[in-house]
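Remarks on the overall topology
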Amino acid sequence: MKKKILLVECMSTGVNYIEDIIKRGFEPVILEGHHVGPEDGVALIRQERRQVREKLPKDIPIIDENPDYEAVLRQVKKFSPVHVVTGSEFGVPLTVRLAHDLGLPGNPLDRIDAMTQKDAMHEALRLAGIRYIRGHVVHSVEEAHRCYDEFGENGVVVKLTRGAGTQGLSMCDSREEMVEAVRKGLETTIQSVDEKSELLIQERIHGKEYIVNTVSCQGEHRMVSMWSYDKVRLPNGTNAYNYAENVIELGIGHSRLIRYAFDVLDAIGIQYGPVHGEYMIDEKGPVLIEVNCRPMGGGLPRQFLDLLWGQHETDSALDAYIAPERFRRQKHMPYRPLCKGAIKVFILPEDVTLDSAPVLQISRKLRSFYSGAFGRVGREYTLLEQTSNLETSGGYLYLLHKDEKVVQQDLKLLHLLEMQFSQMLFNESSKISAKPKGETDITDIMKKMRFMGSTLVFSDTLQEVEGAILVNRDTMRDSYDGFDQGILDLRDPASFADLESIVQQILLFFRKIRRGGQIVVPDATYCHLPYGMDGIEILMKVAGLVIESPEPSSACVVVASVPVSGHVHND
């Protein structure tokens, strides 16, 4: 019979533990913990559990949520697990307690607060004599005012004392912003009937943000990956994540950051397992923002991480428990990422009543595209709220490429789209205004553009065109490739009712034209896209086409060429 490894709260990137445990010759057992707190937070946990269950192999045992710890302990003992690991932030306290009570390797029970409470972890740093961020837990606006008087000269940060992601986080530049954030936060953070509502207020540190992901074995630490953040301040006050990119090569100040991260792990008592640490470097050097004693979040696919690092965090974490010699060997390996990678977090600058999601098609055309996760879009489009934290983002995109510039170019394009051309990603059909400036005559376009050779026309009419092959949405996929020229002739507004679908078709049409060929899109077509001419040029850039300078005789058409050399974006 295979030995069991207990996985507490299997969520997000922690799902990777399932296959890793099985590949090591063990059998996973999943435990769902009992949680109290704001209803929306508990509902989010249970929603993630349901999504995980839908994908789990049917034969994996699951121990259901139970508020009676002794009953949970009895159930766990029936499986005789040899190790206990946590798959998410929500499982850390239960993981530590179970490992202690079962006599298994784990982190010290008396250090749970330092591992999970944001005020307690900074107090642990203070006691250890290393740099920390000043802050106080408050239960009222009056206490918040005293915090601002003490260390609010550069603004303050208001956050939950516990929790993952960016829920409840507010970056406040003024006393007035702080008061508003505290009042709102105290109304929604009652943990239980017997506990007071509370928030943590910290001094504001300004600098470059980093992630240092580590794994520990018997108190020895190993860095497994380093990332840097890019964030954007939105008009609603949200300090929104734009993207995280892996650090390809260690630079000035990074060695100091890594040493500091190891000191943080010692200060909070880490002995075993993964830690996702968030840090900032300013003119004084590195300082901890917070640690999460679990794998890095974002639902990162293990194959994506393997392509970036030659390893992934959950597999490396298992070494700490079942292969300590391998852990120590890996600990001495040099830091050598295999390629450039990034996690794009989509920002929704305003509420969107979603009719279609062209982002699903546009993303796949990017040169650095690996995969995406768009859980909020789902199977039925609905209201997407304006981004205020990670949970209200539009989704994640995982990018990688050998050429760092390619990743950076794709990130720049995506950010431009989400902030200035958001309807090209997350679309409300009611916001499209279609008013063509002139009639389309395909034959006339062919003459003016001096077309020679083979021409493909993608049309939603039955108009025959002499000297061209006419295709529609039903016949285009099966048509030949390698045409010399192409014309988009989509005049019917109904063709654009499902923008995601028509974007997919347009991008497929672009691929039918050979290298060096030209593509022409008249006003009677692009007027139906969000942003009109800009909208079709966005699709051309996504497809890797070269937009040509217009001629006076072609004022109502957009012309692009398929590059002769270089990369053409394919599926």
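Let me sum up the structure you'll find in this document. (Residues numbered from 1 in each chain as written. Predicted model: local features only at pLDDT ≥ 70, side-chain atom pairs only at ≥ 80, totals over all residues. Heavy atoms only, no water.)

Quick look at the environment of Asp355
- Note that Asp355 resides in the loop between strand E15 (352-353) and helix H13 (359-364).
- Taking the C-alpha atoms as reference points, Asp355 and Gly310, separated by 45 residues in sequence, lie 40 Å from one another. (Helix = DSSP H or I, 4+ residues; strand = E, 2+ residues; numbered from the N terminus.)

Regarding the packing of aromatic side chains
- Under the definition given, this model contains 12 aromatic pairs.
- Their ring planes at 40° and their centres at 5.6 Å tell us that Phe346 and Phe374 sit as a pair that is tilted. On the criterion of sequence distance, the pair formed by Phe346 in the loop between strand E14 (340-345) and E15 and Phe374 in the loop between strand E16 (369-373) and strand E17 (383-384) is long-range, its members being 28 residues apart. Like Phe346, the residue Phe374 is buried in the burial classification. (Phe/Tyr/Trp six-rings, centres within 6.5 Å; stacked < 30°, edge-to-face > 60°. Buried < 20%, exposed > 50% of the residue type's maximum accessible area, 1.4 Å probe, protein only.)

Side note on the sheet that holds strand E7 (residues 170-172)
- Ordered in space as E5-E8-E6-E7, the 4 strands form an open sheet in which the pairing is antiparallel. Each having just a single partner strand, strand E5 (135-138) and E7 make up the two edges of the open sheet. Strand-to-strand twist of the sheet, defined as the mean angle between neighbouring strand axes without regard to direction, takes the value 20°.
- Note: E5 against strand E8 (residues 199-203), 4 bridges, orientation antiparallel. (Pairing = 2+ DSSP bridges. Axes fitted to C-alpha atoms, helices over the stretch in contact; angles between N-to-C directions.)

Digging into helix H6 (residues 118-128)
- For H6, the full list of buried residues reads Lys118, Ala120, Met121, His122, Ala124 and Leu125.
- Buried residues along H6 sit in contact with helix H5 (112-116), strand E6 (156-159), E8, helix H9 (254-268) and strand E13 (285-292).
- Gly129, located one to two residues past H6, shows a positive phi value of around 80°. (Contact = heavy atoms within 4.5 Å.)

A short note on the packing of helix H7 (residues 141-151) against helix H8 (residues 175-188)
- In contact at an axis separation of 10 Å, H7 and H8 are set at 145° when each is read in the N-to-C sense. Every pair of crossing elements has a handedness; the one defined by H7 and H8 is right-handed. From H7, Val141, Ala144, His145, Tyr148 and Asp149 reach across to H8, where they touch Arg175, Met178, Val179, Val182, Arg183 and Leu186.
- Along the lines of polarity and charge, the residues of the contact of H7 with H8 split into 7 nonpolar, 1 polar and 3 charged. (Left-handed = near helix turned anticlockwise from the far one by under 90°. Nonpolar A, V, L, I, M, F, W, Y, C, P; charged D, E, K, R; others polar.)

Considering the side chain of Ser459
- Its location among the elements puts Ser459 in strand E19 (residues 455-459).
- On the basis of relative accessibility, which here comes to 2%, the residue Ser459 falls in the buried class.
- Separated by 2.9 Å, the side chains of Ser459 and Thr461 make a polar contact.
- Each residue touching Ser459, except ones within four places of it in the same chain, is listed here: Leu470, Val471, Asn472, Asp489 and Leu490. (Polar contact = N/O pair within 3.5 Å; in protein donor to acceptor, adjacent residues only side chain to side chain.)

Details of the packing of helix H16 (residues 499-511) against helix H18 (residues 533-542)
- At a minimum axis separation of 10 Å, H16 and H18 run at an interaxial angle of 55°. Of the possible angle classes, the one that applies to H16 and H18 is oblique. For H16 against H18, the interelement crossing comes out right-handed. Two secondary-structure elements touch here, H16 through Val503, Ile506, Leu507 and Phe510 and H18 through Ile536, Leu539 and Met540.
- A breakdown of the residues in the contact of H16 with H18 according to their chemical character gives 7 nonpolar, no polar and no charged. (Parallel < 35°, antiparallel > 145°, perpendicular 65-115°, else oblique.)

Here we look at the pairing of strand E12 (residues 273-282)
- Most of E12 is tucked away, with 10 of its 10 residues classed as buried.
- When strand E9 (residues 208-217) meets E12, the two strands line up antiparallel, connected through 9 bridges. Bridge pairing in E12 links Asn213 to His276.
- Where E12 folds back onto E13 in an antiparallel hairpin, the turn is made up of 2 residues.

Here we look at the sheet that holds E9
- One open sheet accounts for 8 strands, arranged E13-E12-E9-E10-E11-E14-E18-E16; its pairing is antiparallel. The open sheet has two free edges, formed respectively by E13 and E16, since each of these has just one partner strand. Strand-to-strand, the axes of this sheet are offset by a mean angle of 25°, without reference to chain direction.
- Contacts from helix H12 (residues 324-331) reach E9 and strand E10 (220-233), with the element oriented near 60° to E10.

By themselves, these figures tell us nothing about what the structure is for.
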